[in-house]
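Here is what each chain is made of, one letter per residue.
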Amino acid sequence: MKPVAFDYVAATTVEEAVNALREPGAKVLAGGQSLVPLMNFRLSRPSRLVDINGVASMAHIEVRERELILGALVRHQQLVEDPEIRRSLPVLSRAAQHIGHWAIRTRGTLGGSVAHADPAAELPALLVALGATIAVVGPEGTRELTAEAFFEGFYTTALAPSELVTQVKLPLPQGAVGFKEVVRRPGDFALAGAYVERLGSGGAVTWFGFGDRPRRFSVREWPSDPEDRRHVWVELVRNVPVEERDQYKYELAVAVAEESYRDAGGEE
Amino acid sequence: MADERSVVELTVNGRPYRVEVSPRWSLADVLRHRLGLTGTHVGCEQGVCGACTVWLDGEPVRSCLLFAVQAAGHEITTVEGITPAEGLSPLQEAFHRHHALQCGYCTPGMLLTAEALLRRNPAPDEATVREALTGNLCRCTGYQFIVDAVLSMRPSGGED
Ligand SMILES: Cc1cc2nc3c(=O)[nH]c(=O)nc-3n(C[C@H](O)[C@H](O)[C@H](O)COP(=O)(O)OP(=O)(O)OC[C@H]3O[C@@H](n4cnc5c(N)ncnc54)[C@H](O)[C@@H]3O)c2cc1C
Ligand code: FES
Ligand code: FES
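None of these values were measured; they are calculated from a predicted model.

Reading guide: rules and limits
- Residues numbered from 1 in each chain as written.
- Chains lettered and ligands numbered in written order.
- Predicted model: local features only at pLDDT ≥ 70, side-chain atom pairs only at ≥ 80, totals over all residues.
- Heavy atoms only, no water.
- Helix = DSSP H or I, 4+ residues; strand = E, 2+ residues; numbered from the N terminus.
- Rg over C-alpha atoms; globule rule 2.2 N^0.38 Å.
- Buried < 20%, exposed > 50% of the residue type's maximum accessible area, 1.4 Å probe, protein only.
- Contact = heavy atoms within 4.5 Å.
- Domains from an automatic or database assignment.
- Buried area = accessible area lost by both parts, 1.4 Å probe.
- Salt bridge = Lys/Arg side-chain N within 4 Å of Asp/Glu carboxyl O.
- Polar contact = N/O pair within 3.5 Å; in protein donor to acceptor, adjacent residues only side chain to side chain.
- Nonpolar A, V, L, I, M, F, W, Y, C, P; charged D, E, K, R; others polar.
- Axes fitted to C-alpha atoms, helices over the stretch in contact; angles between N-to-C directions.
- Parallel < 35°, antiparallel > 145°, perpendicular 65-115°, else oblique.
- Left-handed = near helix turned anticlockwise from the far one by under 90°.
- Pairing = 2+ DSSP bridges.
- Expected span 1.5 Å × (residues − 1).
- Arc of directions from axis to C-beta.
- Near = heavy atom within 4 Å.
- Areas by Shrake-Rupley, 256 points an atom, 1.4 Å probe, with all protein chains shown as cover.

Counting its regular elements, chain B contains 5 helices and 5 strands. Taking 160 residues into account, the globule formula puts the C-alpha radius of gyration at 15 Å, and chain B, at 16 Å, falls close to it. Based on the C-alpha atoms only, the size of chain B along its principal axes is roughly 55 × 30 × 25 Å. The proportion of buried residues among the 160 residues of chain B is 52%. The long-range share in chain B, meaning contacts at least 24 apart out of those at least 6 apart in sequence, stands at 54%.

Structure (structure tokens):
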């Protein structure tokens, strides 16, 4: 099918974009890899699209000593390929490699993935896992939210309709972070996935792909025995409510958390 | 909402075009219906099948998920742009030799993805070829012959 008619505004600055978004029914167009399929099937009918692809100030990649600062327009394929990102936060490059396919990653953006808030998406979950902050600009000015506060539920965020995600700050983890996900076919959204951070004898696990949003749980001390660890996963994952038909995902979640734990430890 | 038209200027296969479009027209539809470049196919219109893959400034993208207005000032390459005026390109020859197509619906997208890969990495291993092609669906060949055709393009040719 084809989208309904809309009026098209190509913004070149954040101010222009925010102004154009004041119109009721207006929506941001970033990579278009989630929004345009919905429009093509008329599940989304914005009356105006504010194209932010020309906003040069939102495409930065800045590696600092303790954090990585990424503009909302950084493309998934840049996360995969950028040598600075690969060096400073390899788990980000590895996770981004699992987003859709090459021709999806060349267009899809970090800000779009964050604003879309698919509970099965790789990047929102990594933001929660690392305790990232998300910078948002709207008519009332700028605010910064923690990833934990930003993601509210299924495709639901703390973003107001005329607000723009401008950048994300990722603290570089002190421990090792593992990543694993289960998919039916390469490039699909994850049925279940986990990031596990190992720092000293403890750390945290962040699950995604089931439930309404990524969930992070701290663990004071990992048991060294795999069977004991299994009990930890089983206990924790029950805190993520899932629908009846997704009950099987608890099993996947336990398995994928253990794999991710081993991945963080550099074990097979 | 009035379906207003605007004129966009873009380059397709090295040739400049000025074309009147509505913002809601996809690049795929404009290539096919306005510019007569019917090599770009449209399968799913939701980014899944890869039949509509073109290059935007040299990078593979879905032309069903890009509005033609967004291509203003950019360089688009379609399968016509990687086909010589006479005969076939070496990759197209390889597809022919390896029976890498049957109905041909997926072929333009397959060629553009594979050609983009080979230009970046002239000697990819099989896993890399398969990873690059995961975004292009084929209902006919079972993929193996497509992978064989791409692998045969390596300077060492043939199998791993
Ligand atoms: C075949 C296919 C497979 C895919 N597989 C995966 C996958 O495995 N994992 C995964 O995570 N994703 C997957 N995706 C989605 C992809 O990651 C998208 O890039 C991403 O979800 C949205 O980013 P975008 O830049 O394309 O946003 P758009 O589609 O342009 O926008 C998405 C939403 O976010 C809003 N928005 C965008 N940018 C901003 C901003 N800066 N500020 C405020 N609002 C904004 C838009 O208004 C819209 O509501 C897939 C997509 C396709 C087509
Ligand atoms: S038609 Fe564009 S990906 Fe299927
Ligand atoms: S040859 Fe028919 S779809 Fe690939």
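All names here are of chain B. We note that the domain assignment places domain 1 (6-82) and domain 2 (90-151) within chain B. Put simply, the middle of domain 1 and the middle of domain 2, counted by C-alpha atoms, are 21 Å apart. Contacts between domain 1 and domain 2 engage 19 residues on the former and 15 residues on the latter. Between domain 1 and domain 2 lies a buried interface of about 1300 Å² when both sides are counted; carbon and sulfur atoms form 59% of it. On the domain 1 side of the interface with domain 2, the three residues burying the most area are His 41, Trp 55 and Ile 82, jointly 38% of the side's total. The interface formed by domain 1 and domain 2 contains 0 salt bridges. Connecting domain 1 to domain 2 are 7 residue pairs in polar contact (both at pLDDT 80 or more). Contributions of two or more residues to the side of domain 1 that touches domain 2 are made by β3 (53-56) and β4 (59-62).

Turning to the interface of chain B and chain A, a few remarks are in order. Across the boundary between the two partners, chain B contributes 29 residues, which contact 32 residues of chain A. Here chain B packs against chain A, burying approximately 2500 Å² in sum over the two surfaces, 61% of which is carbon and sulfur. Two residues, Glu 131 of chain B and Arg 105 of chain A, come together in a salt bridge whose shortest N-O distance is 3.6 Å. Counting across the interface, chain B meets chain A through 10 residue pairs in polar contact (both at pLDDT 80 or more). Counting residues per element, the ones that place at least two in the side of chain B that touches chain A are β4, α3 (107-120) and α4 (126-133) of chain B. Partitioned by chemical class, the residues of the side of chain B that touches chain A number 15 nonpolar, 6 polar and 8 charged.

The next thing to look at is the packing of helix α2 (residues 90-97) of chain B against α3 of chain B. To describe two helices that pack against each other, one gives the angle between their axes and the distance between the axes. Residue and element names in this part refer to chain B. At a minimum axis separation of 10 Å, α2 and α3 run at an interaxial angle of 125°. Relative to α3, the element α2 lies oblique. The element α2 and its partner α3 pack so that their crossing is right-handed. Contacts between α2 and α3 involve Leu 91, Gln 92 and Phe 95 from the former and Thr 107, Met 110, Leu 111, Ala 114, Glu 115 and Leu 118 from the latter.

Okay, the pairing of strand β2 (residues 15-21) of chain B next. Residue and element names in this part refer to chain B. In this sheet, β2 lies alongside strand β1 (residues 6-12) in antiparallel orientation, the contact comprising 7 bridges. Each bridged residue has a counterpart across the sheet, and for Glu 9 the counterpart in β2 is Arg 18. Two successive antiparallel strands, β1 and β2, enclose a turn made up of 2 residues, where Asn 13 displays a positive phi of approximately 55°.

Our next topic: helix α10 (residues 226-237) of chain A. Residue and element names in this part refer to chain A. For α10, spanning 12 residues, the distance from its first C-alpha to its last is 16 Å, which sits close to the expected 16 Å at 1.5 Å a residue. Listing the buried residues of α10 in full gives Arg 229, Trp 233, Leu 236 and Val 237. For α10, the buried positions fall inside an angular range of 90° around the axis, keeping them on one side. Next to the buried residues of α10 lie β12 (192-199), β13 (202-208), β14 (215-219) and α11 (249-264).

Now for α3 of chain B. Residue and element names in this part refer to chain B. Helix length check: α3 (14 residues) gives 20 Å between terminal C-alpha atoms against 20 Å at 1.5 Å per residue, within 8%. Within α3, 12 of the 14 residues are buried, leaving the element largely enclosed by the surrounding structure. For α3, the full list of buried residues reads Thr 107, Pro 108, Gly 109, Met 110, Leu 111, Leu 112, Thr 113, Ala 114, Glu 115, Ala 116, Leu 117 and Leu 118.

The subject of this paragraph is the environment of Gln 174 of chain A. All names here are of chain A. Locating Gln 174 in the fold gives a position in the loop between β10 (164-171) and β11 (176-182). Taking the relative accessible area as the measure of exposure, Gln 174 reaches 71% and is therefore exposed. Put simply, Gln 174 and Thr 106 are 68 residues apart on the chain and 30 Å apart in space, counted from C-alpha to C-alpha. Non-local contacts of Gln 174, meaning those with residues more than four positions away in its chain, are made with Glu 197 and Leu 199.

Let's shift gears to the domain arrangement of chain A. If you check the domain split of chain A, you get domain 1 (7-51), domain 2 (56-171) and domain 3 (176-263). Computed over C-alpha atoms, the centres of domain 1 of chain A and domain 3 of chain A are 35 Å apart.

Bringing the site of ligand 1 into the picture now. Of all residues adjacent to ligand 1, which total 35 residues, the nearest are Val 28, Gly 32, Ser 34, Leu 35 and Thr 109 of chain A. Lying at an intersection of chains, ligand 1 is approached by residues of chains A and B. The contact in question runs from an oxygen atom of ligand 1 to an N or O atom on the backbone of Gln 33 of chain A, over 2.7 Å. In this structure, an oxygen atom belonging to ligand 1 sits 3.2 Å away from a main-chain N or O atom of Gly 100 of chain A. Within the complex, 94% of the 970 Å² of free accessible area of ligand 1 lies under protein. Of all the secondary-structure elements, those providing two or more residues to the shell around ligand 1 are β2 (26-29), α7 (110-116) and β10 of chain A. Its residues assigned to classes, the shell around ligand 1 comprises 15 nonpolar, 16 polar and 4 charged.

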